[in-house]
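Structural description and commentary
Spelled out from the first residue to the last, the chains are:
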Amino acid sequence: QVQLIESGGGLVPAGGSLRLSCAASGRTFSAYAMGWFRQAPGKEREFVAAISGSGGNTFYADSVKGRFTISRDNAKNTVYLQMNSLKPEDTAAYYCGTSRVIIAIPRSPSMVGSWGQGTQVTVSS
């Protein structure tokens, strides 16, 4: 089972930027698509962004398109989420996850096989 550790969360003012990282264990990291999800208090976990195993294909929720960028470095077994122009509504715990199936892109929580512990992002107005 792959282990995932997120980092990079924090408190930023609206309009600010953060870069989240998700470090993965395991020798088959590049075989799996990865996704970022977030969960605000009292709300369901929602899709934010996903990236194919090679990094050649990326997908975004409409709410973050144009502001967030997902990328990965397979040599470092790490996936990133660059978040720019942050808004108070981006406040949530952010989680990375691997696809449950190698060929699938995880665009819903049900498609995730392994989760990290999460990192908190708080955007002040």
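All chains use their own residue numbering, which begins from 1 and follows the written sequence. The model is predicted, so local features are restricted to residues of pLDDT at least 70 and side-chain atom pairs to those at 80 or more, both for listing and for counting; the totals for chains, interfaces and linings are taken over all residues. Excluding hydrogens and water, the side-chain values take into account all heavy atoms of the structure.

The next point concerns the pattern of salt bridges. What counts as a salt bridge is simple: a side-chain nitrogen of Lys or Arg found within 4 Å of a carboxyl oxygen of Asp or Glu. Throughout the structure, instances matching the rule amount to four salt bridges. With a closest N to O distance of 2.9 Å, D90 and R38 form a salt bridge. Pair noted here: D90 is in the loop between β8 (78–83) and β9 (92–99) and R38 is in strand β4 (residues 34–39), with a separation of 52 residues, a long-range link. The shortest N-O distance in the salt bridge between R67 and D90 comes to 2.8 Å. Here D90 lies in the loop between β8 and β9 and R67 lies in the loop between β6 (58–60) and β7 (68–73), a separation of 23 residues in the sequence. The class of R67 is buried, set by a relative accessible area of 10%. Owing to a relative accessible area of 1%, D90 belongs among the buried residues under this scheme. By the criteria applied, helices consist of DSSP H or I runs no shorter than four residues and strands consist of E runs no shorter than two, each listed in order from the N terminus. Accessible area is worked out with a 1.4 Å probe on protein chains only. A residue is then buried under 20% of its type maximum, exposed over 50%, and partly exposed in between.

Let us now look at the packing of aromatic side chains. The description of an aromatic ring pair uses the distance of the two centres, along with the angle that the planes make with each other. We call Phe, Tyr and Trp rings a pair once their centres come within 6.5 Å, taking the six-membered ring for Trp, and we label the pair stacked below 30 degrees between planes, edge-to-face above 60, and tilted otherwise. The final tally for this structure, using the stated rule, is three aromatic pairs. An angle of 70° between the planes, with centres 5.8 Å apart, marks the rings of F37 and F47 as edge-to-face. One end of the pair, F37, is in strand β4; the other, F47, is in strand β5 (residues 46–51), with ten residues separating them in the sequence. Note on F37: relative accessible area 0%, which makes it buried. Consider the rings of Y95 and W115, whose centres lie 6.3 Å apart with planes at 85°: the pair is edge-to-face. Taken as a pair, Y95 in strand β9 and W115 in strand β10 (residues 112–115) lie far apart in primary sequence, 20 residues in all. One aromatic cluster is present, formed by F37, F47, Y95 and W115 through successive ring pairs. By definition here, charges over rings are those cases where NZ of Lys or CZ of Arg is within 6 Å of the ring centre and within 35 degrees of the ring normal. The ring of W115 carries R45 above its face, with NZ or CZ at 4.5 Å from the centroid. Here the basic side chain of R107 rests over the ring of F59, its NZ or CZ set 4.4 Å away from the ring centre.

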